[in-house]
Amino acid sequence: MSTAPSASQQTKKSGKTLSKYKIVFLGEQGVGKTSLITRFMYDTFDDHYQATIGIDFLSKTMYLDDKTIRLQLWDTAGQERFRSLIPSYIRDSRVAIVVYDITKKKSFDFIDKWIEDVKNERGEENVILCIVGNKNDLTDERQVTIEEGQEKAKKLGAKIFMETSTKAGYNVKNLFKKIAKSLPEFQDSNSNIINETTGAASKTNNNAAGSNDTSKAGVIDISTADQQEQSTCQC
Amino acid sequence: MQKEQSRISYNGIQNGGLVKPPVFIPRVIPRSPSVPSLQNDRSFNALNASDPMLNRPLFEDSTKLTPSNKTRLEPDFNPSPVQGSPSTIGGNSNLSVIDMYGDDTESQMASEESDDSPRTNSYTPINEISDNSNIIDDKNIPQLMHRLSLSDTTNKTNNEDNDDEYHKQPIPKSPRVNISSKDAENFDRYGFKKQTTYITEQEYDVWWKEYYQYCNRRKNKWIQLMEKYDLSTKDESIRRFPPKSEKLKRYVRKGIPAEWRGNAWWYFANGQQLLDENPSTYPQLLSKIDHIETLPDKETKYPDLEIIERDLNRTFPDNIHFQRESFQNTEPEMIKSLRRVLVAFSLYNTKIGYCQSMNFLAGLLLLFLDEEKSFWMLVLLTSKYLPGVHNVNLEGVNIDQGVLMLCVQEYLPAIWEYVVPSEKSNTNKTNLNKLMNSRFTPNHSHNKDPKNEFLFKLPPVTLCTASWFMSCFVGVLPIEVTLRIWDCLFYEGSHFLFKVSLGILKLSEGELLKGKHSNSLTHYTLNGNQNKERLNNPEENEMELFQIVQSFPKKILNPNDIFEKIIFKKRITFNNLDQDEIDRCRKYVTEQRQKHIPLSDNKKSLSHTNINDNSNSERSVSSQIGESGYKSLNVQKSKTMKQEHKSDEQLSGSQSEGYGFKRSITSVNWNSGLKQRVRQIRSKKD
């Protein structure tokens, strides 16, 4: 992958390097974008989240190795007509996570459009494309196989493909771990992810209440990603 | 009285709806499930009596549930509705004033100070109620509503639905040991969960204790006012309101009584006229829906169906009326109503179809109005109040955001500095461009007057504020605040949305400027002058602003924080904004955008002024509306093309100067022409 760090804004402050990475979540409505973010941020899950209108923004600080990075997560509305509002944010995003619902073939077919949007705005080389098949726990209703997902990911040039279950908490941390490892910041040292702070990852729902001010929620500890979780593909 | 009504309904019509006069209505219109009895329309009297909720075996399993009653029924289910005697249940079958105010919870809280206060005779302790629950048989199935206002049992039997009466009457507080009672207290009077990500239940309760008194005071004032005009003050029969006046406006701004709200919105928005002129529209749409349901290829033919379907359960997941409880086999009536309204609308106005955020609008309407009225109010909201906002290309959103940005620039310069930093603080042009984050192709930008650039390349923060308008603050602000805004929206017009938006931004100013919010910033902003630091860092500003603008409104629990601190303050300049100004502003932005949007986009772009080219039904709607003047202006506009051109010239002439707010261009003649017409329309109306 291209390692040109131009897109991540680096700010030198008192010797510290703070890199920010915009991550945009795309995909049809109801596939679980908000849910994925909530699982990552607060490790909680609800059956229904209020539909996202426009864009929601959350940011999270992560300490990896001796570096601090800040993830800016942009949660978008899924309905097609909202696509016209979103491009500017795709343009700046370092990572684009395109989500589909494994129980909805249509949402899977739709990811081509989103990927196209991203490539148009950003160029294929400058963005880390991820394809995520969510609702992996609903095996009975599955309409898209893992293989189909992998194949499409390959075809569309996605660097990361994964199936997740935000309900079961499956693979979500792994996803973000993988993403972090593919960031240029960690290309040389992607083996050791050091957890410097304890923080939000273990927060319960109640603790999370009132701390949506993400900076309060502390720092995500992605190194504790459940070891039993398996990533389903190495694209 | 209410008791009788609901009993009749219960024993009567089985399908939860009224078979309307066969003349023009081909099918049953289901009532919105939780609509209070006060929603009754003259033509819907029988219908009102038959609440589908009553006729539905909600507690199919009540026998199963009963044994475990004392401890708890279901994790999330509150057996509160269980009542001491069948007759009481009948009396509770409609959402009454008390229901709306969550009276008992309230009274309980009011008497909290006297902790040991003995229970009065009229009060039945919760656990005793639970014990009695086996009295309940199928026929005594209480309304879903009761799941939140369990303690209604209290003084319901002899209560006359009279606010001042019952709030004076101290009702002992039950010790909050009973789990089920605690459960009910988790929800507010509309069935929303009190606790949100930003507000704890304790905070809510503390505030509500005060605000509830306020509501009662206001209602008494309203009653006095209504009596002056010889208007009914009975909750269930309120149809008419006093003529518009400064006084009434003030009353509306201080909040319409919750039980009157639906009817008041309906009245002020002039919904009845729309319904009277299109009496068969909604029933016909329902028939069409029935037909569509039978089609094998309905999903390909009507793609909106599936999109609507996915949002139904994501509309108010935190509202008891919209939740499917684990014990329920069927989906809540409210979800069914919501589906029908949204699908009907998508068939009615194909230009809009279904747009996410309309689920919130319809959802809130359904809490206050019956289905058909909710439908028409949705029509009004999407055409008169938020023209073009929900159209496929969302151009109406962009226009309104452009207008909002003009207003921010004019009235909130400090915030404007964050939204679009001036070039002084940003000598670096590329930086500026990055900040502006154009939504449109940048190659057109160099042709434009930089002063207006933000109208085409809307600043990022508008991605957040767009949702304020699209959903009229539903889900953006806590519910009681939202409702107060809706009161004013329907009374005063859409400019109120801009006023409130500015108000929210103004309130958040402190947080933004002081940088309280910015832990994230302070931890690497080591020395001193934060503001300076931040102004030099547009990227940071952008995020900071976005985050505050996104989360701040959710913390505004008390409506009066906005109303008393902002809206009622005469010295705050943006309070001078009126509908006229906003309409003019919208027009200006529309024209500016049309000039600069690339041609290909231009074709797609549907401006506010084009809205009348929609379907015939839309046109008929628009021609009926003249209250705020806006819509009728558009109608007139298309007729008076000459004038249009004139104003075009004027606008382009003044383009380099940007938009001029009223103070500076009062003498511009196209404006006074419009003004005059607005006045004529208004005086006719009055």
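Fair warning: this is a prediction, and the values are worked out from it, not measured in the lab. (Residues numbered from 1 in each chain as written. Chains lettered and ligands numbered in written order. Predicted model: local features only at pLDDT ≥ 70, side-chain atom pairs only at ≥ 80, totals over all residues. Heavy atoms only, no water.)

Novice: Help me understand the overall build of chain A, please; the structure alone is not making it clear to me.
Specialist: Scanning chain A from terminus to terminus reveals 6 helices and 8 strands. Listing the helices and strands of chain A from first to last along the sequence gives β-β-α-β-β-α-β-α-β-α-β-α-α-β. Each of the 235 residues in chain A was classed as buried or not, and the buried ones make up 60%. For chain A, the proportion of contacts with a sequence separation of at least 24, taken over those separated by at least 6, is 75%. About 8800 Å² of surface is accessible on chain A, with carbon and sulfur atoms providing 44% of the total. (Helix = DSSP H or I, 4+ residues; strand = E, 2+ residues; numbered from the N terminus. Buried < 20%, exposed > 50% of the residue type's maximum accessible area, 1.4 Å probe, protein only. Contact = heavy atoms within 4.5 Å. Areas by Shrake-Rupley, 256 points an atom, 1.4 Å probe, with all protein chains shown as cover.)

Novice: When you look at the overall build of chain B in this model, what are you seeing that I'm missing?
Specialist: From N to C terminus, chain B includes 39 helices and 2 strands. With 686 residues in all, chain B has 64% of them scored as buried. At a minimum sequence separation of 6, the contacts of chain B that also span at least 24 residues come to 78%. Surface summary for chain B: the accessible area is close to 25500 Å², and the carbon and sulfur share equals 51%.

Novice: Looking at this structure, I do not really get the pairing of strand β7 (residues 160-163) of chain A. What am I missing?
Specialist: In summary, the side chains of a regular strand alternate between the two faces of the sheet. Residues and elements named next belong to chain A. Here β7 shows two buried faces, one formed by I160 and M162 and the other by F161 and E163. Pairing geometry for strand β6 (residues 128-134) and β7, over 4 bridges, is parallel. Pairing of V132 across the sheet is with M162, part of β7. Note on the crossover from β6 through helix α4 (residues 146-156) to β7: the handedness is right-handed. (Pairing = 2+ DSSP bridges. Right-handed = clockwise from strand over helix to strand, strands pointing away.)

Novice: Just checking my understanding: could you explain the packing of helix α16 (residues 281-294) of chain B against helix α19 (residues 333-348) of chain B for this structure?
Specialist: When two helices pack together, their arrangement is given by the angle between their axes and by how far apart the axes lie. All names here are of chain B. Relative orientation of the contacting elements α16 and α19 amounts to 100°, with a least axis distance of 9 Å. Classed by the angle they form, the pair α16 and α19 counts as roughly perpendicular. Facing α16, whose interface residues are T281, Y282, L285, L286, K288, I289 and I292, α19 presents R340, V341, V343, A344, L347 and Y348. (Axes fitted to C-alpha atoms, helices over the stretch in contact; angles between N-to-C directions. Parallel < 35°, antiparallel > 145°, perpendicular 65-115°, else oblique.)

Novice: Just to check I follow, could you spell out unusual backbone geometry for this structure?
Specialist: With the exception of glycine, the majority of residues adopt a negative phi angle, and the majority of peptide bonds are in the trans configuration. One non-glycine residue with positive phi stands out, namely A:N171, at about 70°. Along the chain, the position of A:N171 falls in the loop between β7 and α5 (172-182).

Novice: Hey, could you run me through the packing of aromatic side chains in this one?
Specialist: Note on aromatic pairs: each is described by the distance of the centres and the angle between the planes. Residue and element names in this part refer to chain B. Tallied over the entire structure, the rule returns 46 aromatic pairs over all chains. Measuring from ring centre to ring centre gives 4.8 Å for W207 and Y211, while their planes differ by 20°; the resulting arrangement is stacked. Of the two residues, W207 and Y211 are both situated in helix α12 (residues 201-228); the distance of 4 residues between them amounts to about one turn of the helix. Among the residues examined, W207 registers a relative accessible area of 9% and is labelled buried. (Phe/Tyr/Trp six-rings, centres within 6.5 Å; stacked < 30°, edge-to-face > 60°.)

Novice: I would appreciate a short explanation of the nonpolar core in the present structure.
Specialist: Looking at soluble globular proteins, one finds that nonpolar side chains tend to be buried together. Residue and element names in this part refer to chain B. Grouped together as the largest cluster of nonpolar side chains are 165 residues, with contacts concentrated most on F375 and W486. Here the element with the most residues in this core is α19; it accounts for 10 residues. Here this core spans two domains, since at least three of its residues come from each of domain 1 (2-268) and domain 2 (386-686). The residues touching F375, leaving out its near neighbours within four places in the chain, are Y282, L285, V341, A344, F345 and Y348. (Core = buried A, V, L, I, M, F, W, Y, C linked by side-chain atoms within 4.5 Å. Domains from an automatic or database assignment.)

Novice: Would you mind showing me how to read helix α21 (residues 371-385) of chain B here?
Specialist: Because an α-helix completes one turn every 3.6 residues, residues spaced three or four positions apart along the sequence face the same direction. Helix length check: α21(B) (15 residues) gives 20 Å between terminal C-alpha atoms against 21 Å at 1.5 Å per residue, within 8%. In terms of burial, α21(B) is largely enclosed, as 15 of its 15 residues are buried. (Expected span 1.5 Å × (residues − 1).)

Novice: I keep staring at the side chain of B:S494 and nothing clicks. Help me out?
Specialist: Residue and element names in this part refer to chain B. Inspection of the secondary structure puts S494 in the loop between α27 (479-492) and α28 (495-514). What makes S494 buried here is its relative accessible area of 2%. Sequence-distant contacts of S494, that is, excluding residues within four places in its chain, are made with Y385, L489, Q579 and R586.

Novice: What is the right way to read the environment of B:R340 from this model?
Specialist: Residue and element names in this part refer to chain B. Relative to the assigned elements, R340 resides in helix α19. Given the relative accessible area of 16%, R340 is considered buried. In this structure the C-alpha to C-alpha distance between R340 and E371, which are 31 residues apart in sequence, comes to 8.3 Å.

Novice: Quick question: what am I supposed to make of the state of the cysteines here?
Specialist: Should the sulfur atoms of two cysteines be covalently bonded, the bond is a disulfide. Across all of its chains, the model carries 0 disulfides over all chains by this definition. With no disulfide of its own, B:C407 has B:C585 as its nearest cysteine by sulfur position, at a separation of 4.9 Å. (Disulfide = S-S within 2.5 Å.)

Novice: Help me out: how do you make sense of the confidence of the model for chain B in this one?
Specialist: Segments scoring low in pLDDT should not have their predicted coordinates read at a detailed level. Mean pLDDT over chain B stands at 68; residues scoring 70 or higher make up 54%. Two numbers describe this predicted complex: its pTM, 0.70, and its ipTM, 0.80. (pLDDT = per-residue confidence, 0-100.)

Novice: Is there a simple way to think about the packing of helix α14 (residues 261-268) of chain B against α21(B) in this case?
Specialist: Residue and element names in this part refer to chain B. Relative orientation of the contacting elements α14 and α21 amounts to 45°, with a least axis distance of 11 Å. The orientation of α14 with respect to α21, classified from their angle, is oblique. For α14 against α21, the interelement crossing comes out left-handed. Along the contact surface, α14 presents N263, W265 and W266, while α21 presents K373, W376 and M377. (Left-handed = near helix turned anticlockwise from the far one by under 90°.)

Novice: Could you clarify how one ought to interpret the confidence of the model for chain A in this entry?
Specialist: Residue-level pLDDT values for chain A average 77, and 71% of them are 70 or greater. Note on residues 1-15 of chain A: pLDDT is under 50 here. Beyond four places in sequence and across chains, it has 36 contacts.

Novice: Just checking my understanding: could you explain the pattern of salt bridges for this structure?
Specialist: Scanning the model with the defined rule gives 32 salt bridges over all chains in all. As a salt-bridge pair, A:E28 and B:R310 come within 3.0 Å of each other at their nearest N and O atoms. Note that A:E28 is positioned in the loop between β2 (16-26) and α1 (33-42) and B:R310 in helix α18 (residues 303-312), a pairing that runs across two chains. Of the residues examined, A:E28 reaches a relative accessible area of 7% and is grouped as buried. The salt bridge involving B:E371 is made with B:R340; its shortest N-O contact spans 2.9 Å. (Salt bridge = Lys/Arg side-chain N within 4 Å of Asp/Glu carboxyl O.)

Novice: What should I look at first to understand the side chain of B:R253 in this one?
Specialist: Mapping B:R253 onto the fold places it in helix α13 (residues 246-253). Look past the residues within four positions of B:R253 in its chain and what remains in contact with it is B:R484, B:C488, B:E492, B:F496, B:K499, B:F563, B:I567 and B:F568.

Novice: Even after reading the chapter, I still don't get the environment of B:Y354, so can you show me in this structure?
Specialist: Position of B:Y354 among the secondary structure elements: in the loop between α19 and α20 (358-368). When its relative accessible area of 0% is taken as the criterion, B:Y354 is described as buried. As for B:Y354 and B:V392, which are separated by 38 residues in sequence, their C-alpha atoms are 8.8 Å apart. Sequence-distant contacts of B:Y354, defined by excluding residues within four places in its chain, comprise A:Q79, A:R81, B:D304, B:I307, B:I308, B:D311, B:L342, B:S346 and B:N359. For B:Y354, the side chain forms a polar contact with the side chain of B:N359, separated by 3.4 Å. (Polar contact = N/O pair within 3.5 Å; in protein donor to acceptor, adjacent residues only side chain to side chain.)

Novice: Mind showing me how you'd approach the environment of A:T52 here?
Specialist: With respect to the element layout, A:T52 can be found in the loop between α1 and β3 (55-64). Overall, the relative accessible area of 8% leaves A:T52 in the buried class. In contact with A:T52, other than residues within four places in its own chain, are A:T34, A:D75, A:T76, A:A77 and B:Q356. In this structure the side chain of A:T52 is engaged in a polar contact, spanning 2.9 Å, whose partner is the side chain of A:T34.

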